[in-house]
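What follows is the residue order along each chain.
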Amino acid sequence: MKLKTAISLVAWLIFAQSVAKAQSEFSIQGKVISDGKAVDGATIYLMKATDSAIFKTAISDANGNFDFQKTAAGTYRLSVFLIGYQTYKGPTFELDQKLMVPPIGLVALQTVLKEVNISAPRPFVQQKIDRTIVNPEALISNAGTTALEVLEKAPGVTIDQNGAINLKGQGTTIFIDDKPIYLSGSDLESYLRSLSSNTIDQIELMPNPPAKYDAAGNGGIINIRTKRTKIRGFNGAFNLNYAQGKYGRTVNSFNFNYRNNKLNLFGNLAFNTTNAFTDLTINRHFEDVKGNLKSNFIQQSFSRHTGRNHLLKLGADYYLSETGTIGINISGIYNPYSKVTEVSSRFSNAQDQLDSTIVAHNDQDQLFKNGGVNINFRQKLNKKGQELTADVDYLTYHTDNSQEFNNNSFLANGALKLNDLLTGKLPANIDIFSMKADYEHPMKNGLKLAAGLKSSYTNTDNVADYYYSANGATVVDYDKTNHFRYKENINAAYVNVNRDFKKFAVQLGLRLENTVADGHQLGNLKKPDSTFKRSYTDLFPTIYLQYKLDTADVNVFSINYGRRIDRPYYQNLNPFVSPIDKFTYYTGNPFLKPSFTNNIEFSHTYKSRFTTSISYSKTLDDVNETIEIVNGIYYSRPGNIGETTVKTLSVDANVDFAKWLSLNFSGQVSNIHSVSDFYTGLLDTEGTYFFIRPVFQFKFAKDWAAQLDGSYQSKLRSAQFDLGARGQVNVSGSKKLSPSTTVKLVVNDIFYTFKNTGVINNLNLTKADWTNINDSRNVVLSLSYRFGKNIAGQRRHNANGAQDEQNRVKN
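Residues numbered from 1 in each chain as written. Predicted model: local features only at pLDDT ≥ 70, side-chain atom pairs only at ≥ 80, totals over all residues. Heavy atoms only, no water.

## Examining the overall build of the protein
The condition that has to hold: Only DSSP runs of H or I with at least four residues qualify as helices, and only runs of E with at least two residues qualify as strands; both kinds are numbered from the N terminus onward. In what follows, a contact means two residues having at least one pair of non-hydrogen atoms within 4.5 Å.
From N to C terminus, the protein includes three helices and 49 strands. The contacts of the protein with a sequence gap of at least 6 include a subset with a gap of at least 24, amounting to 67%.

As structure tokens, then:
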């Protein structure tokens, strides 16, 4: 009934406004030229004369033309920006009728980028009908960070204590340049840490993505768009960063672009070092059936993480004609990684008298490699806007993981009881092939039609060979040794229509996806061979409605709905038993089912600066981490939680207190309710938490700027876990040494309060809690330098296109 009431209210508002007297509105048309020739791709800003606030933006077309439609009467001025030209700043004018602006002439710069001065920087957050746009460079504190750390500062995005990325409380799928990166778990974290923040142009947050995108991800999609210079000539940027916490590390990147005539070459290179630690304490208290304490198990571990991250992206576009382009993109990752963990485990009785101890030295060496090739084609069919695009992708991943768990067991008097060694070799391979095609067709009545097809094929091969050594003898550990193969084929088709009316906009989409999966555990001498097969077909509708109460976009109401699917990560289906230490194991679950979510959101935006939204989602068979204790051993495995409901109220605001002081605020309050059958009986948990992230920005004279920001998350209850409150305060400053060179200094987590704590519930006759501390307090020094010789000309690049599968690769 609540949903019907909300929809009725929106319909009533639309009807009431449609019969009200419309405000006067006019169009502004013009042309951008240079040396008598049309300029393509210039950004035209329509600004209010009173405060220079950006009211609307437009991009000049191939003929240099631009057009601002449905603009309310008022006093405005125009500003035009294009890299390689002097910024044009026009006089103020009154708009009270249709206006044809005289041709605007841009003056080309024949020098390097140090002559370029962008007078209208992009805001941190921009709202669209189906997504929120985040511009990371608007925050000083993003300097010298990685893509993972940038995501932590995006509105509505949280990263939990296991590194999982959530959007408005729901698990999300990560895309890079409209392509999923086919990773999860520690591999996804490693990839995002290898991507420098300086290579990121924008982040698109889509809780309910359009039908064009894969339906995977219950919390929608986060699409990271990387920088790609589009101007003629040779241009690029260096970014050098050094961070010092307890240990030092670097984040460095270089991006370039060369365009001349019909050929465009571009690339990104990144080299980062990992040098961090994890200080983890787990307390386990065992009870009898009456709830009395029987014994204690206190485990303390200190891990050093070191590694080198190498990332390379190279691409080329060839312009077959003014309307057709063919391109190729090649990418690669090479990440050697090492983790050394010292573990001390203490066993005691109910009176805390020592029973025994175990001291362990664990080594893990891993090499992660990824290679990818994309071939894309784009053809504009006519001047009306009909366009056909196609992409073919091949991706391959290879992981070599070597493990050693060396345990020394001691009696209470300190005498050595046993020395044992467990070694493991875990090679893994994943190959993904994907093809997709998209077609767009604008209609005469303003209706825009889009449709497309996609097919993907995935093949994974995982091997685990474990050996146990004790008392001078080494044997194969058949309980952990295994070989698992998995194949999957997903075929999809979609159709999407949208139209903008005077005050009303609508977008409707429908996507169909068919999945066929085949898993095979080969077994060993002690474990039998087993297989499973699944096939299912589902429809995923999306609806977006937007209504403007006035032509100046002062009040905008929106409502959207979408249905999503979350397929299990490839390795989560693998029934391997993989040790984390002697008393903690991770195991997969071949019986995992895909989860389905229905999302609905209602929002209001005021003057493009204040957005309030209410959302509701219900997930069936949500995949979540579960913990089970068997004979004192912890088993962590993914499981389906029967039903999870999330209700969220969120607020995003941008306030300019003065020319030198502004605030960007993001906050949300969420209620999570989970109900499911569980190992220990019925699981029924519910909790409400809040999250806030304020960012204060200060602008001073002589190109100085500063920023004070922070975040706080209250206690959170989700399924089996109670997560403790955590927060941090950061401060940063920047100095523009020249128009092409900027230096920044950032201090993160000044008070060292970003610590992970929690309690594990629903354990059999056991109480457990943990504390996890890492190297969150650090100082970052960043230097960025842009260079290039600019010649007139600009063109947008075609995004390429594999979809859902990449996000489901898990280490």
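## Observations regarding the pattern of salt bridges
Side-chain pairs of opposite charge can arise whenever the charged atoms involved come near each other. Put simply, the rule is: Counted as salt bridges are all cases of a side-chain nitrogen of Lys or Arg within 4 Å of a carboxyl oxygen of Asp or Glu. Only protein chains enter the accessibility calculation, which uses a 1.4 Å probe. A residue is then buried if its area is under 20% of the maximum for its type, exposed if over 50%, and partly exposed in between.
Across all of its chains, the model carries 18 salt bridges by this definition. Between Asp214 and Arg511 there is a salt bridge, and its shortest N-O distance comes to 2.8 Å. Remark: Arg511 occurs in strand β31 (residues 504-521) and Asp214 occurs in the loop between β17 (200-206) and β18 (221-226); sequence separation between them is 297 residues. A residue is classified by how much of its surface remains accessible, and Asp214, at 2% relative accessible area, is buried. The salt bridge partner of Lys436 is Asp438, with a shortest N-O separation of 2.5 Å. On the basis of relative accessibility, which here comes to 9%, the residue Lys436 falls in the buried class. Here the salt bridges share partners, and the residues they tie into one network are Asp214, Lys454, Arg511, Glu513 and Arg567.

## Notes on the pairing of strand β44 (residues 726-738)
Each regular strand shows side chains that alternate between the opposite faces of the sheet. Condition: Note on pairing: DSSP must find at least two bridges between two strands before they are called paired.
Bridge count between strand β41 (residues 704-713) and β44: 10 bridges; the pairing is antiparallel. Of the residues in β44, the one forming a bridge with Gln707 is Ser732. In terms of strand pairing, β44 meets strand β45 (residues 741-748) through seven bridges, oriented antiparallel. The residue of β45 that forms the bridge with Ser738 is Thr741.

## Points about the sheet that holds β18
Sheet strands pair by backbone hydrogen bonding; their relative direction is either parallel or antiparallel. Strand order in this open sheet of six strands is β10-β11-β17-β18-β15-β16, and the pairing throughout is mixed. Each edge of the sheet is formed by a strand with only one pairing partner; in this case those strands are β10 (125-127) and β16 (179-180).

## So, the nonpolar core
Going by this rule: Residues belong to a common nonpolar core when they are buried Ala, Val, Leu, Ile, Met, Phe, Trp, Tyr or Cys residues joined through side-chain atoms within 4.5 Å.
With 47 residues, the main nonpolar core has Leu151, Ile165, Ile174, Leu192, Ile203, Ile222 and Ile224 as its most contacted residues. With four residues, helix α2 (residues 147-152) is the single largest residue contributor to this core. Here Ile224 is in contact with Leu151, Ile174, Phe175, Ile176, Asp177, Leu192, Ile200, Gln202 and Ile203, once residues within four sequence places are set aside. One finds Ile282, Ile633, Ile672 and Leu716 within the second-largest nonpolar core, a separate group that totals 23 residues.

## Thoughts on the sheet that holds strand β13 (residues 165-167)
Strand order across the open sheet formed by three strands is β12-β13-β14, with antiparallel pairing between neighbours. The sheet is open, and its two edges are formed by β12 (157-159) and β14 (170-171), each paired on a single side. The sheet contact formed by β13 and β14 spans two bridges and is antiparallel. Its bridge partner being in β14, Asn166 is matched across the sheet by Gly171.

## Looking at the confidence of the model for the protein
The condition that has to hold: By definition, pLDDT measures how confident the predictor is in each residue, and it falls between 0 and 100.
Averaged over all residues, the pLDDT of the protein equals 85, while 89% of them reach at least 70. Looking at the elements of the protein, mean pLDDT is at its lowest for strand β49 (residues 791-794), recorded as 33, and at its highest for strand β29 (residues 473-476), recorded as 95. Across residues 110-120, confidence stays below pLDDT 50; counting only partners more than four residues off in sequence or on other chains, it has 24 contacts. Predicted confidence for residues 790-801 stays below pLDDT 50, and this span has 60 contacts to residues more than four positions away or in other chains.

## What to know about the environment of Asp500
By the secondary structure assignment, Asp500 is in strand β30 (residues 482-500). For Asp500 and Leu447, which are 53 residues apart along the polypeptide, the C-alpha to C-alpha distance reads 7.8 Å. The contact partners of Asp500, leaving out residues within four places of it in the chain, are Lys70 and Ala505.

## Points about the packing of aromatic side chains
Our working rule: Ring geometry is summarised as follows: Phe, Tyr and Trp rings, the Trp one being its six-membered ring, pair when their centres sit within 6.5 Å, and such pairs are stacked at plane angles under 30 degrees, edge-to-face over 60 and tilted between the two.
Following the criterion strictly, the structure yields 28 aromatic pairs and no others. Aromatic pair Phe277 and Phe302: ring centres 5.5 Å apart, planes at 15°, arrangement stacked. Here the residue Phe277 occupies a position in strand β21 (residues 263-287), and Phe302 occupies one in strand β22 (residues 293-319), the gap between them amounting to 25 residues. Centroid distance Phe678 to Tyr679: 4.9 Å. Interplanar angle 55°. Geometry classified as tilted. An aromatic cluster of at least three residues, connected via ring pairs, comprises Phe234, Phe238, Phe254, Phe256, Tyr785 and Phe787.

## Some points on the side chain of Asn489
Defined as follows: We define a polar contact as two N or O atoms separated by no more than 3.5 Å, with the added condition that, inside protein, one atom must be a possible hydrogen donor and the other a possible acceptor, whereas residues neighbouring each other in sequence contribute only through side-chain atom pairs.
As for its position among the elements, Asn489 is in strand β30. For Asn489, a relative accessible area of 17% puts it in the buried group. A distance of 3.0 Å separates polar atoms of two side chains, one belonging to Asn489 and the other to Asn491. Discounting residues that sit within four places of it in the chain, Asn489 has contacts with Ser455, Ser456, Tyr457, Asn514, Thr515 and Val516.

## Description of the side chain of Asp652
Along the polypeptide, Asp652 turns up in strand β38 (residues 633-658). The class of Asp652 is buried, set by a relative accessible area of 16%. Reaching out from Asp652, the side chain makes a polar contact with the side chain of Ser666 at a distance of 3.1 Å. When near neighbours in sequence (up to four residues on either side) are disregarded, Asp652 contacts Pro155, Arg609, Phe610, Thr611, Phe665 and Ser666.

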